[in-house]
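# Inside the fold
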Amino acid sequence: MRRLALGILLLLTHLCEAQFGSAVSFPNSSEKTVLDKSPEFFVLSWKQGTILNRSETPMEIVVDSVGAQKVNIFQDNSDAPVLYSSNIITPVCADGDCRLMHITLYWTLLGDYAGFDRSSEEPLTKHDHDEFLFSDYWKLHELLKDHNSILKRRAIDELVTKPKPSTIEGVDALSGATIKEVKESVVSGALYSCYVAWHLVHGDIKDQIKAFTVAQQTEGMLVRMLNNENINYQMYALENLTKNQYDTNFSRISKLFKSGIPLVRSFIIKNLAESFSKEPNKMQPFWDALPYIDINTRSLLLQHIDTASEATVTSISGQLSVLTKNQIRDFLSHLENKSQISSEILKNLRNFAGSNKEKNSYLVVQFLEDNS
Amino acid sequence: MKKLLIVTLLLFSSISLFAQDVLVEAESFDNPGGWLVDPQFVEQMGSPYLNAHGMGKPVKNASTKVNFNKSGSYHIWVRTMNWVPGEWEAPGKFQLKVNEAVLDTVLGTRSGWGWQYAGETKINKKNETHIELVDLTGFNGRCDAIYFSTKKTTPPSSPKKLAAWRQELAAEPNAPEELKTYDLVVVGGGLAGCAAAIAGAEQGLKVALIHDRPVLGGNASEEIRVHTEGIYGNFERILKKIDTKHYPNGSAESKLDQQKRDENVKSYDNIDLFLNWRAYDAISEENSVKYVDARQTFTGERKRFTAPYFVDSTGDGWIGFWAGAEFSYGRESVDTYGEYWEEHGELWSPKEADNAVMGSSVLWGSKDTDSPQSFPEVPWAMPVSKDYAEVNGEWQWEFSRNDLSQIDDAEEIRDHMLRAIYGSFSNAKKDEVNKNRKLEWVSYLVGKRESRRLVGDHIFTFNDAKEGREFPDGVVIEKRAVDVHYQTVLEDEKNPDFISEALFYRGPQYYIPYRSLYSKNISNLFMAGRNFSCSHAGLGGPRVMLTTGQMGAAVGYAASLCKKYEVMPREIYTGYLQEYLDLIEEQKYEKIPTSKK
């Protein structure tokens, strides 16, 4: 089945080449050399007034039957790289019907999907020749944002296979996860367009773009990434800043610890805390964030309890409601190892133990029994 | 006392006791009614218990009869827990009925496992005392034991003190009285354990297969319903006896596979199958396992199993753990084995090691009916499910969190999934389109992906899979992509924390060496299943059940050679490798063995 589909796809691609010829250029009206506003569908933030200028790069994307299509870089007025872009024309073939898809794709400095512009002259179409609605473009945008889409790990023919229906009594409506996931991911009636677009965005060009960026990496670029809202930029900066640069950018890092996604927070506490934990005033913003951060990060932070100040330990003893069962256990175990527990901490523990709304109060009851 | 209870139960279906204190273990009730015996968390909370898993509809009463030795006024405590304490009615409420009177106290309302005082009652020793558990909600009320005493002294709650108290009350000797001797003892009746038992038996070994459920198959069983994935490798003949067809996860068709699997394993004369027996200890001397002790999950009866060789197919690596085998848990740092994959960075392999592992699933499903179906309000589930609305579960329904051990906190993990399921279904029911939909099946067993990994002579890693590294002893073969899961909430806190995502690395065919299938430091211990010797990322591909089944068959054959030459597992690699490989090759075409009926 898969071989047959592949054969048909190759044949159609060949026919497409015969039909369209090679190297079709993008309509001039879409060839933007200056970006003075955000691409229509875009994942990064765009500061008003930004003007980006296009330069060429040696990179290109080769599209079957159409040929090489250039990848350009857009830079700001200080020549700092901001975005990569390519105007793509590619055939999309399904069930013997081939047509050209026109789309301008954008990538971040790390080769991730950044967005796209549609062609006003050549809108995308669905299987039954209907033009994409705005909601369809939006769904395509959502799909392209998913770097781990099911489209990555399935051949096109696997995406249209229907699950075997259940034949015996019992649970029904167990649609195959694959089909359900695909249905939710792609534009209805435009599976092939979505498939082609996703593989263009997330194909080999990703690695090439990242390598191109890394070759030009500067401290300024890392700091801009750290201050960007894009998660991958933040992670890349955190992974590549030097210890001195952590210190210089402490304010931003401590802010990210509170406001970032759990993955970023946990990276900070696992990898950078060593730099800060010896200075209580530097760790303080991290401890202050305790009630606001996710459970995993909180567990990682609590691993540093031995270096926390008495004031911090006292403060945590008054916040046991936000801790999970095992976090409370870890905290109590820390208290158990102390030579003395202050009266304020004991008061906080008693309050918690006496509450009938706290599901983990029994742990503190036991602790007080064992340590009184 | 517990033993007395069991013996009496077996002989007279009633209980004779000679003290003023009477402990009735709930799992030993004459008739559990609609309550289920739940032995999954014995190591943590101390005992199997009865679970009112009615999916929102109160289950039928559990009942038993007790003969008291002394008449008088007895205080009654019930060991129970409120599994979702909070600002709502406890979800799992029940009451105790003693003879004709239902005691007023509503049970299942205390947080954390412990004794809840139920009240006082008069007992006449001349009459049998009839006890019933009356479920009020159908939402997983749980009862471990009932304690009657003429004194009003609450039994201990802390796990250590409770275990000692129970032992004292039961007056059990340290070692089980009955000793069973085998050539090979396999603990855990998932696919790996079944395959190990079959392979060993086919080579003439006398095998004990100990499994804590009434049916075989573990995650593939009709109780958990995960379909088998992977390839057959060298062991197609055996694995076809115990695998599943590729039904969707959660399918009721798993019942057909269940029948085939159970019948095939039972057809071997020289496999003694101990269903509903849960191993609770392994005793080792001089780095060698001498005995495995197991307990019947309903009656509490105990047996000691001895053999020259043991297979740990428990999934959680319990035999190795008790015996003192080296083990690992969590994710290694990316540098430990060089498992870096740039595309997924920290999600794939972290710069610093941590306790994150792939999570556990609880599968479930519903069906459309011809008439409107009601479902109760579940406010206690909402903090987990939030506004998530679904009518069926799939593999993505998976929960892990760094502060929760997939072993020690498995009950909390299972309960979290139950809240996710009931809450999501309740949300879905608010949609008119689901008016006739009925919650049909929710597993109460936690289906684990990853926990403790025992360390062997070789630790199988992502790189072994990625490079398709060939080993002289590469007895297990797999083509499945390496597939590591993470919780999507790590990337977006708006996501439910019980939904996971898979990261796939599609590489070449790869091999798992025999050296990853026996313990590095416990000389007579094999392991097959997700507790084989591997790294976190290395487990990503081979953790599925046909691959682990291959491991089982491979160690079953190795054990037969061990017996033949009276050597330890390591020596099969160092001294008898060619004969071992020839045996594996030969068994592919084996005719019906003489040992089989």
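Along each chain, the written sequence defines residue order, and numbers are assigned to residues from 1. All chains are assigned letters beginning with A, and all ligands numbers beginning with 1, in the order in which they are written. With the structure being a predicted model, the display of local features is reserved for residues of pLDDT at least 70 and the display and counting of side-chain atom pairs for 80 or more, all residues being used for whole-chain, interface and lining totals. In computing side-chain properties, one takes all heavy atoms of the structure into account and sets aside hydrogens as well as water.

## Comments concerning the packing of aromatic side chains
Residues and elements named next belong to chain B. The criterion, for reference: Here a pair means two rings of Phe, Tyr or Trp (six-membered ring of Trp) with centres within 6.5 Å. Their orientation is stacked below 30 degrees between planes, edge-to-face above 60, and tilted elsewhere. Per the convention used, a helix needs a DSSP run of H or I reaching at least four residues, while a strand needs a run of E reaching at least two, with both numbered from the N terminus. Comment: the charge-over-ring label is applied if NZ (Lys) or CZ (Arg) is within 6 Å of the ring centre and within 35 degrees of the ring normal.
Enumeration according to the criterion identifies 48 aromatic pairs over all chains in this entry. Between Trp77 and Tyr147, the aromatic rings sit 5.8 Å apart at their centres with planes inclined by 35 degrees, giving tilted as the arrangement. You can see Trp77 sitting in strand β5 (residues 72-80) and its partner Tyr147 sitting in strand β10 (residues 139-149), a full 70 residues away along the chain. Joined through ring pairs, the aromatic side chains of Trp83, Phe139, Trp364, Phe375, Trp380, Tyr388, Trp397, Tyr422, Phe425 and Phe498 make up one cluster. A cation over an aromatic ring shows up here: Lys152 above the ring of Tyr117, its NZ or CZ 4.5 Å from the ring centre. The ring centre of Tyr291 lies 4.4 Å from the NZ or CZ of Arg304, which sits over that ring.

## Overview of the pairing of strand β6 (residues 94-98) of chain B
Residue and element names in this part refer to chain B. Our working rule: The rule is simple: take the accessible area with a 1.4 Å probe, protein chains only, and divide by the maximum for that residue type; under 20% is buried, over 50% is exposed, in between is partly exposed. By definition, two strands form a pair when at least two bridges between them are found by DSSP.
Counting buried positions along β6 yields five of five residues, so the element is predominantly enclosed. Burial along β6 is two-sided: the face carrying Phe94, Leu96 and Val98 and the face carrying Gln95 and Lys97 are both buried. Pairing geometry for β6 and strand β9 (residues 129-135), over five bridges, is antiparallel. The partner of Lys97 across the bridge, within β9, is Glu132. One ladder, built from two bridges, connects β6 with strand β7 (residues 101-102); its direction is antiparallel. In the strand pairing of β7, Val98 is matched with Ala101. Here β6 folds back onto β7, and the loop between the two strands holds two residues, one of which, Asn99, carries a positive phi near 55 degrees.

## Digging into the nonpolar core
Basically, it comes down to this: Residues grouped as a nonpolar core are buried Ala, Val, Leu, Ile, Met, Phe, Trp, Tyr and Cys residues, joined through side-chain atoms within 4.5 Å.
A:Leu140, B:Phe526 and B:Tyr580 are the most contacted members of the largest nonpolar core, which has 191 residues in total. Sort the elements by how many residues they give to this core and helix α14 (residues 545-565) of chain B lands first, with eleven residues. Membership of the second largest hydrophobic core comes to 32 residues, among which are B:Phe375, B:Trp380, B:Tyr422 and B:Leu439.

## Quick word on the confidence of the model for chain B
All names here are of chain B. The cut-off we apply is this: One confidence number per residue, pLDDT, is output by the predictor and ranges from 0 to 100. By the convention used here, residues are in contact when the closest approach between their heavy atoms is within 4.5 Å.
Residues with a pLDDT of 70 or more make up 95% of chain B, whose mean pLDDT is 93. Contacts of residues 1-18 to residues separated by more than four positions or lying in other chains number 47 contacts, the stretch itself having pLDDT below 50. For this predicted complex, the interface score ipTM comes out at 0.87, alongside a pTM of 0.90.

## Quick notes on the environment of B:Gln44
All names here are of chain B. Mapping Gln44 onto the fold places it in helix α2 (residues 42-45). Residue Gln44 is classed as partly exposed on the basis of its relative accessible area, which comes to 23%. Sequence-wise, Gln44 and Gly193 are 149 residues apart; in three dimensions their C-alpha atoms are separated by 23 Å. Excluding residues within four positions of it along the chain, Gln44 makes contact with Trp318, Ile407 and Asp408.

## A word on the sheet that holds β6(B)
Residue and element names in this part refer to chain B. Spatially, β4-β9-β6-β7 is the arrangement adopted by the four strands of the open sheet, whose pairing is antiparallel. The open sheet has two edge strands with one neighbour each: β4 (62-66) and β7. Direction of pairing for β4 relative to β9: antiparallel, over a ladder of five bridges. Paired with Val66 across the strands is Thr129, a residue of β9.

## Considering the environment of B:Arg506
Residue and element names in this part refer to chain B. Here is the rule we go by: Two N or O atoms count as a polar contact when they lie within 3.5 Å, although within protein this holds only if one can serve as hydrogen donor and the other as acceptor, and sequence-adjacent residues are included solely when both atoms are side-chain atoms.
Its location among the elements puts Arg506 in the loop between β27 (500-505) and β28 (510-513). A residue is classified by how much of its surface remains accessible, and Arg506, at 62% relative accessible area, is exposed. Taking C-alpha positions, Arg506 is 9.5 Å from Ala465, a pair spaced 41 residues apart along the chain. Among the polar contacts listed, one links the side chain of Arg506 to the backbone oxygen of Lys479, at a separation of 3.4 Å.

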